[in-house]
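Examination of the molecular architecture
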Amino acid sequence: MVDFEQYPDTLKYIDLNGNSVEVNCRFKPSYGGRYFIGQEGNKILFQYDIAFPEGTTPIPTATLIDAFDISGFQMIDQQELMEFHIGQLHCLGRL
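Here we summarise the structure given alongside this text. No experiment lies behind these values; they were computed from the predicted model shown. (Residues numbered from 1 in each chain as written. Predicted model: local features only at pLDDT ≥ 70, side-chain atom pairs only at ≥ 80, totals over all residues. Heavy atoms only, no water.)

Turning our attention to the side chain of Asp 9. Mapped onto the fold, Asp 9 is located in strand β1 (residues 9-14). Buried within the structure, Asp 9 lacks any salt-bridge partner; its nearest side chain of opposite charge belongs to Arg 26, at an N-O separation of 6.9 Å. (Helix = DSSP H or I, 4+ residues; strand = E, 2+ residues; numbered from the N terminus. Buried < 20%, exposed > 50% of the residue type's maximum accessible area, 1.4 Å probe, protein only. Lys, Arg positive; Asp, Glu negative; His and termini not counted. Salt bridge = Lys/Arg side-chain N within 4 Å of Asp/Glu carboxyl O.)

Across all of its chains, the model carries two aromatic pairs by this definition. Ring geometry for Phe 27 against Tyr 48: centres 5.5 Å apart, planes inclined by 85°, an arrangement best described as edge-to-face. Within this pair, whereas Phe 27 is found in strand β2 (residues 20-29), its partner Tyr 48 is found in strand β5 (residues 48-52), the two being separated by 21 residues in sequence. Overall, Phe 27 belongs to the buried group, its relative accessible area being 9%. With a centroid separation of 5.2 Å and 50° between ring planes, the pair formed by Phe 52 and Phe 84 is classed as tilted. You can see Phe 52 sitting in strand β5 and its partner Phe 84 sitting in strand β8 (residues 83-86), a full 32 residues away along the chain. You'll find Phe 52 and Phe 84 in the same group, each marked buried. If you follow Lys 12 out to its NZ or CZ, it ends over the ring of Phe 68, 4.7 Å from the centre. (Phe/Tyr/Trp six-rings, centres within 6.5 Å; stacked < 30°, edge-to-face > 60°. Lys NZ or Arg CZ within 6 Å of the ring centre and 35° of its normal.)

See below:
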């Protein structure tokens, strides 16, 4: 069961099989000047850190996502997920 207070936002994407997927998460602005190095060597500043409930199915990097806050406002429109990480007690993404 997802704790909607801890994960109030929704991330939506199309998986590799063409299915629409919705995942509860929590977006927070990324501070501290962290960069992602692209395949061409260009530096891209992370805009958001994304927390997912433990056990979230991995989302492939470069997946185009849409994100909505708790009120339903679309805050992200078709941006690539730059990183997805599964730890022992957490799942994190960066956009």
